[in-house]
Amino acid sequence: MKTRRVYRSLHEWLDRTGTKQRTLARRAGISEQALSMLLRGSRRCSIQVALRLTSITGVPVEKLVEWPKFQDSEKIAAAAQ
């Protein structure tokens, strides 16, 4: 039985798998803009979207729905560039 790796964030999953944001958004059934806002921390992730993203990426739902602190949002935005 193959074990699934648990990633700490969507950023880590995207980096490690080489998946493009566009592909992840399409697979999750959300717009590219919505995913971009989630990655920047400027939008909160709903439970429904978090469950879909978890099933695709292995990132825990708890990580996806937590609201990033303002300082974390700046770090995330800087790392995404």
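Small disclaimer: the values here were computed from a predicted structure and weren't measured. (Residues numbered from 1 in each chain as written. Predicted model: local features only at pLDDT ≥ 70, side-chain atom pairs only at ≥ 80, totals over all residues. Heavy atoms only, no water.)

Broken down by element type, the protein carries six helices and zero strands. For the protein, with 81 residues in total, the buried portion stands at 33%. Long-range contacts, defined as pairs at least 24 residues apart, comprise 49% of the intrachain contacts of the protein with a sequence gap of at least 6. (Helix = DSSP H or I, 4+ residues; strand = E, 2+ residues; numbered from the N terminus. Buried < 20%, exposed > 50% of the residue type's maximum accessible area, 1.4 Å probe, protein only. Contact = heavy atoms within 4.5 Å.)

So, on to the packing of helix H2 (residues 21-28) against helix H4 (residues 47-57). Close contact between H2 and H4 brings their axes to 9 Å; oriented N to C, the two are set at 120°. One way to sum up the angle between H2 and H4 is to call them oblique. Relative to H4, H2 is oriented so that their crossing is right-handed. Note on element contacts: H4 touches H2 through Arg-52, Leu-53, Ile-56 and Thr-57, opposite Leu-24, Arg-27 and Ala-28. Class assignment for the residues of the contact of H2 with H4 results in four nonpolar, one polar and two charged. (Axes fitted to C-alpha atoms, helices over the stretch in contact; angles between N-to-C directions. Parallel < 35°, antiparallel > 145°, perpendicular 65-115°, else oblique. Left-handed = near helix turned anticlockwise from the far one by under 90°. Nonpolar A, V, L, I, M, F, W, Y, C, P; charged D, E, K, R; others polar.)

All quantities given are derived from atomic positions and should not be read as evidence of function.
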